[in-house]
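Next come the chains, spelled out residue by residue.
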Amino acid sequence: MSEKKELSASSPSLVGDESQHEGFPREAAYNETDVFGHEEDHDIHYKTLSWELVAVLMIAEIVSNGMLSLPSSLAVVGLVPGIVLIVFLGSFGLFTSWILIQFKLRHPEVHNMGDAGLILFGPLGREVLSFGTIVFAVFATGSQLLAGQIALGALSDSKLCLMLYTGIFAIPTLVCSLSRTLDRLSWLSVPGVLSILIAGIVGMIGAGTQFPLADISAAVTTDFVSAFISVTNPVFAYAGHFMFFILISEMKHPTHAMRAAYVLQIFATTFYVVFAVVIYIYIGPNVSSPAFSSLPPKWKKAAYGIAIPNFLIAGSLYSHTAAKLLFVRFFRKSRHLYSHTVLGWSVWIVLVFIMNAAAFVLAVGVPIFNYLVGLAASLFASWYTYGIAGAFWLYDTWVDKGKAEALKRHWPMTGLSIATFAAGAFICVAGMYVSIKQIVDAYDSREVSAPFSC
């Protein structure tokens, strides 16, 4: 049997309080086809996460340095369009979360976006979506290393070379990502979530007490490039869906995954709106990105210092994800996946090191790395967070429910899925155009520094 047929084989439908849906495998059948299988006799147990811990992991990796760009988005388009954009993208992200989770429950053997690509598009789809997941995860790790660099620089008044700060921050990020399972990272994510929440509150207090109310605009007229930057910022701030399959694969009860998604999107959307609005109405249209850099020195140091655990854990989660995808690809159905073997641990450590090393080299060695992160978000996050969810629903409905007749019968969801796919394509193309223009403008204005410079 071909690998695609094995991955896309249909199975009978999940029993449980949230699993009475057509097409979901029963729990026993789910464990038969799930990548980690029955774990009773395994040395390493992956499927240990409760939905509460998955929610913590989701919040830790999504609600992070990306939110610090949101006040500047409001400065570009104005208060009202900015709020509408953040709320819409958050609600849209909840909708696509639901589709991704339904797809995962129907296809327990899917561990990552690459496996989903194999089902939808064949071997080429698997390679493209796997490559995109790894690239985006490495770039996201590098972005967190830069956030750590900025935080350490702010705390020490930039007395050291910035590249050295990045190296210092990369070491604990590497160590934290070495865990073979997400369970240990989930407990580390608890202080990570608390740190970004408290840091955001400290930042808002600093803005509210140190600045008068600014002269802000309800709406701002601007050019397309500037306006679309305000779209790519919240897209990146919500860009965590590429990890969902990997997270759900390590849940004790995958049918509870939607509970975690609700907690994530409600928390993220609410916190994003409150943070962006408060910072913008006090600091005004000249707010920096990241926003903490606009605060007075003492408040800036306090906010960045408190946020450091979040930057560290989020970076670890991203590099762990990139390494985990390849590790499972190499050792799927092998004892090295779930046993304490020399080969298994050696390969795992090497993969984690490579992912973190690549993120470090990109962060300090590529002068336009910040722009490349935006380019990667446009190229990959637009699809993983939004567009590809439409393809998942269309595929399952076509295959499982009666092809064209099923699509006609479920025409509202068919229309929404097509619109979702089209929205992902638009964000991808427009975002790439804007990111490339920013890179060109940066070189034209001689803002680009030398590689590996301080």
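Before reading on, note that the structure itself is shown above.
Residues numbered from 1 in each chain as written. Predicted model: local features only at pLDDT ≥ 70, side-chain atom pairs only at ≥ 80, totals over all residues. Heavy atoms only, no water.

### A few points about the nonpolar core
Spelled out, the test is: Residues belong to a common nonpolar core when they are buried Ala, Val, Leu, Ile, Met, Phe, Trp, Tyr or Cys residues joined through side-chain atoms within 4.5 Å. Only protein chains enter the accessibility calculation, which uses a 1.4 Å probe. A residue is then buried if its area is under 20% of the maximum for its type, exposed if over 50%, and partly exposed in between. Only DSSP runs of H or I with at least four residues qualify as helices, and only runs of E with at least two residues qualify as strands; both kinds are numbered from the N terminus onward. We call two residues in contact when some of their heavy atoms are within 4.5 Å.
In terms of nonpolar packing, the biggest core is built from 144 residues, with Met-67, Phe-136, Tyr-272, Phe-292, Phe-311 and Phe-392 touching the most fellow members. Among the elements that line this core, the one with the most residues is helix H13 (residues 297–331), at 17 residues. Sequence-distant contacts of Phe-311, that is, excluding residues within four places in its chain, are made with Ser-64, Asn-65, Leu-68, Gln-144, Ala-147, Gly-148, Ala-151, Phe-169, Ile-196 and Tyr-304.

### Some remarks on the packing of helix H9 (residues 182–210) against H13
Selection rule: The convention used is that axes are lines fitted to C-alpha atoms, helices contributing only their stretch in contact, and that angles between N-to-C directions extend from 0 to 180 degrees. Here is the rule for angles: anything less than 35 degrees is roughly parallel, anything more than 145 is roughly antiparallel, 65 through 115 is roughly perpendicular, and the remaining ranges are oblique. Crossing handedness follows the turn of the near helix against the far one: under a right angle anticlockwise gives a left-handed crossing, and clockwise gives a right-handed one.
Where H9 meets H13, the closest approach of the two axes is 8 Å, and the angle between their N-to-C directions is 150°. Taken together, H9 and H13 sit at an angle that is classed as roughly antiparallel. Note on packing geometry: the crossing formed by H9 with H13 is left-handed.

### Details of the environment of Ser-445
What counts here: Nitrogen and oxygen atoms within 3.5 Å of one another constitute a polar contact, given that in protein one can donate a hydrogen and the other can accept it, and given that sequence-neighbouring residues count only through two side-chain atoms.
On the secondary structure map, Ser-445 appears in the segment after helix H18 (411–444). A relative accessible area of 38% means that Ser-445 is categorised as partly exposed. Put simply, Ser-445 and Ile-216 are 229 residues apart on the chain and 28 Å apart in space, counted from C-alpha to C-alpha. Within polar-contact distance, the side chain of Ser-445 engages the backbone oxygen of Asp-441 at 2.9 Å. In this structure the side chain of Ser-445 is engaged in a polar contact, spanning 3.2 Å, whose partner is the backbone oxygen of Ala-442.

### Here we look at the packing of H9 against helix H12 (residues 257–283)
How we decide: Classification convention: Asp, Glu, Lys, Arg as charged; Ala, Val, Leu, Ile, Met, Phe, Trp, Tyr, Cys, Pro as nonpolar; all other residues, Gly among them, as polar.
Direction vectors running N to C along H9 and H12 enclose 25°, while the axes themselves pass 8 Å from each other. Between H9 and H12, the interaxial angle falls into the category roughly parallel. Helix-helix and strand crossings are classified by hand; for H9 and H12 the assignment is left-handed. Only Phe-267, Phe-271, Val-274, Phe-275, Val-278, Ile-279, Tyr-282 and Ile-283 of H12 make contact with H9, whose side of the interface consists of Ile-196, Leu-197, Gly-200, Gly-203, Met-204, Ala-207 and Gly-208. Across the contact of H9 with H12, the residue classes tally to 12 nonpolar, three polar and no charged.

### Some remarks on the packing of aromatic side chains
Cut-off, in case you're wondering: Two aromatic rings from Phe, Tyr or Trp, using only the six-membered ring of Trp, form a pair when their centres are within 6.5 Å; if the ring planes differ by under 30 degrees the pair is stacked, by over 60 it is edge-to-face, and anything between is tilted. By the criterion adopted, a ring carries a charge over it if an Arg CZ or a Lys NZ lies within 6 Å of its centre and within 35 degrees of its normal.
Throughout the structure, instances matching the rule amount to 22 aromatic pairs. A centroid spacing of 6.3 Å and a plane angle of 15° characterise the contact between Phe-380 and Tyr-384, whose relative ring orientation is stacked. Of this pair, Phe-380 and Tyr-384 both sit in helix H16 (residues 369–401), four residues apart, which is roughly one turn of the helix. The pair Phe-380 / Tyr-384 is uniform in exposure class, with both members buried. Aromatic ring contacts, followed pair by pair, group Phe-267, Phe-271, Phe-275, Phe-292 and Tyr-304 into a single cluster. Of note, Arg-180 hangs over the ring of Trp-345, and the distance from its end group to the ring centre comes to 4.7 Å.

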